[in-house]
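This is what each chain is made of:
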Amino acid sequence: MDLGVKSDAQDLVALMARVASRDRAAFAALYRQTQAKLYGVVVRIIQRRDLAGEILQEAYVRIWERAADFDPAKGSPIAWMATIARNRALDEARRVQPVALEDMPDGFDPPGEDVDPLSARQRSESLQALMRCLETLDPEKRQILLLAYYRGASREALAKRFDRPVPTIKTWLRRSLADLKDCLSS
Amino acid sequence: MSLSPDDDLAAAEYALGALDPAERAALAARRQREPDLDAAISAWERRLAPLAEAIAPVAPPRDFLAEIESRLDGAAIASAVVVDLTRRLRRWRAGAIAAGAVAAALAIGLGLRENMRAGLPHEYVAVLQKSADQPAFVVTVNIDARSLTVRPVAAPPQPDKAYELWLIDAKLGAPRSLGLLKQNAATASNVASYDPAVVENATYAVTIEPPGGSPTGKPSGAPVFVGKLIPTGP
């Protein structure tokens, strides 16, 4: 599954259009092509496998319901689908007892090493642009931002992990995000 | 954009996922009624979304497709029922227009008056409709006889398609087909195989299907008309 490759991305755009027109066969094909990717998104935030499977199912129900809202001009299908899955996982993560970052089970690499299993050739232009901007951040602040994104780590969890006060983490996150926005629009 | 810089950064943190539960819930509620905030969150989601490309796939523990598909059937019906029905039912039941009066007004033109006058205690009527002024089918059910009759009122003709009626109730799990509906005449069916309490409380929904009915035994799409039974007796 090379979702970063252009022809696959175009296939997904075509599938999304068919799903938007209520094509169940297209939905099944979309599920087959993207389930492992979305499960990867969810399971990094929700480590409990029983909950992660439930959230994956709910995410695909939402994808079906909202398929008509997908706009290929605003991003790739996988990015759009991942956002839906991620939001659902984040809601659940905030509902259940938060897991401390220290307690995370084995098999989940720290995002620092985990962040880019794609070869450079497969990265989309938008990911390349984002990575370039992330590179301009201070390494510790970059790692905090990536942990928040990939693990859904709250300010409290980040504060413990990095041994900083919560307000400092909040300030750093906001500064980093503001810097990213400026960098991306420049 | 009238959004303050502080709100834009709150939107950024929301999209990132770093807010605590109370802040996250508060912002989720605000975005429902503040279009600027909603747009800011969406913009931040798009900015950060390419990061998801870098996430390595993880094979799910099993194939969830069949479960997801059965949820789609349920979700489509549930949302249609919520949107099309509950508000109207509430309106009927409230105020000067009693539910029975609405049913009666619709029933008069349909030859049901004799039944109404007889005050059969276990007769029910459901108006299946898309909106309050567009009744499409009227369902009458006699609980004692377990008989069900569906009369077209103003259902648009479907030349190359069929209307199929479904019984939907949480106790049944998946929607159950009650058969295809004639487009120009009453269709009689029976519900003898179902628990009377289910028949009484279920949602009745009509979908558009291929001429022979749904090939899968499940609704092929969202219902076009829905309704619930209302007692016609005293």
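Residues numbered from 1 in each chain as written. Chains lettered and ligands numbered in written order. Predicted model: local features only at pLDDT ≥ 70, side-chain atom pairs only at ≥ 80, totals over all residues.

Visitor: Help me understand the overall build of chain A in this model?
Guide: A tally of regular secondary structure across chain A gives 9 helices and 0 strands. Each helix and strand of chain A, placed in order from N terminus to C terminus, yields the pattern α-α-α-α-α-α-α-α-α. Sequence separation of at least 24 residues holds for 71% of the intrachain contacts in chain A that already meet a minimum separation of 6. (Helix = DSSP H or I, 4+ residues; strand = E, 2+ residues; numbered from the N terminus. Contact = placed C-beta atoms within 7 Å.)

Visitor: Quick question: what am I supposed to make of the overall build of chain B here?
Guide: In terms of regular secondary structure, chain B is built from 8 helices and 9 strands. Looking at chain B as a whole, 34% of its 234 residues qualify as buried. Taking all contacts inside chain B whose residues are at least 6 apart in sequence as the whole, residues at least 24 apart take part in 62%. (Buried ≥ 20, exposed ≤ 12 C-beta atoms within 10 Å, placed from the backbone.)

Visitor: Is there a simple way to explain the nonpolar core in this structure?
Guide: Taken as a class, soluble globular proteins show a tendency for nonpolar side chains to be buried jointly. Val42(A), Ala85(A) and Ala148(A) are the most contacted members of the largest nonpolar core, which has 72 residues in total. The element that contributes the greatest number of residues to this core is helix H4 (residues 77–95) of chain A, accounting for 10 residues. With sequence-adjacent residues up to four places away left out, Ala85(A) is seen in contact with Leu38(A), Val41(A), Val42(A), Leu56(A) and Ala59(A). Residues Val127(B), Val141(B), Ala155(B) and Leu229(B) belong to the second largest nonpolar core, which totals 28 residues. (Core = buried A, V, L, I, M, F, W, Y, C linked by C-beta atoms within 7 Å.)

Visitor: What's the story with the environment of Ala148(A) in this structure? I'm lost.
Guide: With respect to the secondary-structure elements, Ala148(A) resides in helix H7 (residues 139–151). With sequence-adjacent residues up to four places away left out, Ala148(A) is seen in contact with Ala153(A), Leu158(A), Leu173(A), Leu16(B), Gly17(B) and Ala18(B).

Visitor: Can you walk me through the interface of chain A and chain B in this structure?
Guide: How big an interface is tends to be stated in terms of accessible area lost as the parts join. Contact residues are listed per partner, giving 54 residues for chain A and 34 residues for chain B. Elements supplying a minimum of two residues to the side of chain A that touches chain B: helix H2 (24–45), helix H3 (49–66), H4, helix H6 (125–135), H7, helix H8 (155–162) and helix H9 (166–185) of chain A. Sort the elements by how many residues they give to the side of chain A that touches chain B and H2(A) lands first, with 10 residues. Residues that form the side of chain A that touches chain B fall into these classes: 29 nonpolar, 11 polar and 14 charged. (Nonpolar A, V, L, I, M, F, W, Y, C, P; charged D, E, K, R; others polar.)

Visitor: Explain the packing of H7(A) against H9(A) here, please?
Guide: To describe two helices that pack against each other, one gives the angle between their axes and the distance between the axes. Residue and element names in this part refer to chain A. Interhelical geometry of H7 versus H9 gives an angle of 90° and a closest axis separation of 10 Å. By the angle between their directions, the pair H7 and H9 is classed as roughly perpendicular. On H9, the residues that touch Lys141, Ile144, Leu145 and Ala148 of H7 are Ile169, Trp172, Leu173 and Ser176. The residue inventory of the contact of H7 with H9, partitioned by class, reads 6 nonpolar, 1 polar and 1 charged. (Axes fitted to C-alpha atoms, helices over the stretch in contact; angles between N-to-C directions. Parallel < 35°, antiparallel > 145°, perpendicular 65-115°, else oblique.)

Visitor: What is the right way to read the environment of Leu3(B) from this model?
Guide: Among the secondary structure elements, Leu3(B) is positioned in the segment before helix H1 (5–16). The residues contacting Leu3(B), other than those within four sequence positions of it, are Asp8(B), Asp36(B), Leu37(B) and Ala40(B).

Visitor: Just checking my understanding: could you explain H3(A) for this structure?
Guide: The terminal C-alpha atoms of H3(A) lie 25 Å apart, and with 18 residues this matches the ideal 26 Å at 1.5 Å per residue to within 8%. Burial in H3(A) covers these residues: Ala52(A), Ile55(A), Leu56(A), Glu58(A), Ala59(A), Tyr60(A), Ile63(A) and Trp64(A). (Expected span 1.5 Å × (residues − 1).)

Visitor: Explain the confidence of the model for chain B to me, please; I cannot follow it from the model alone.
Guide: Atomic detail in the predicted coordinates should be set aside for any region of low pLDDT. Put simply, chain B has an average pLDDT of 78, and 76% of its residues get 70 or more. Across residues 107–121 of chain B, confidence stays below pLDDT 50; counting only partners more than four residues off in sequence or on other chains, it has 18 contacts. (pLDDT = per-residue confidence, 0-100.)

Visitor: In this structure, what is going on with unusual backbone geometry? I would like to understand it.
Guide: With the exception of glycine, the majority of residues adopt a negative phi angle, and the majority of peptide bonds are in the trans configuration. Residues and elements named next belong to chain A. Even without being glycine, Arg22 reaches a positive phi, approximately 70°. Unlike most non-glycine residues, Asp163 shows phi in positive territory, near 55°. With respect to the secondary-structure elements, Asp163 resides in the loop between H8 and H9. Exposure remark for Asp163: the 6 C-beta atoms within 10 Å place this residue in the exposed category.

Visitor: Honestly, the confidence of the model for chain A in this entry has me stumped. Any pointers?
Guide: Residues and elements named next belong to chain A. For chain A, per-residue confidence averages 82 on the pLDDT scale, and residues scoring 70 or more make up 80% of the total. The least confident element of chain A, judged by mean pLDDT, is helix H5 (residues 111–114) at 41; the most confident is H9 at 95. Long-range and interchain partners of residues 1–6, a stretch whose pLDDT sits below 50, account for 17 contacts in this model, where long-range means more than four residues apart. Note that pLDDT drops below 50 for residues 104–121; the model gives that stretch 19 contacts with residues more than four away or on any other chain.

Visitor: Would you mind showing me how to read the packing of H6(A) against H9(A) here?
Guide: All names here are of chain A. It is at 9 Å that the axes of H6 and H9 come closest, and there the two elements cross at 130°. Judged by the inter-axis angle, H6 sits oblique to H9. H6 and H9 meet at a crossing whose hand is right-handed. Facing Ala129, Leu130 and Cys133 of H6, the residues of H9 in contact are Leu180, Cys183 and Leu184. Of the residues that constitute the contact of H6 with H9, the class distribution is 6 nonpolar, no polar and no charged. (Left-handed = near helix turned anticlockwise from the far one by under 90°.)

Visitor: I would appreciate a short explanation of the pairing of strand E4 (residues 162–168) of chain B in the present structure.
Guide: Consecutive side chains along a regular strand alternate between the two faces of the sheet. Residue and element names in this part refer to chain B. Most of E4 is tucked away: 5 of the 7 residues are buried. The sheet contact formed by E4 and strand E7 (residues 203–209) spans 7 bridges and is antiparallel. Counterpart to Tyr163 in the pairing with E7 is Ile208. Bridge count between E4 and strand E5 (residues 176–181): 5 bridges; the pairing is antiparallel. Paired with Trp166 across the strands is Ser177, a residue of E5. (Pairing = 2+ DSSP bridges.)

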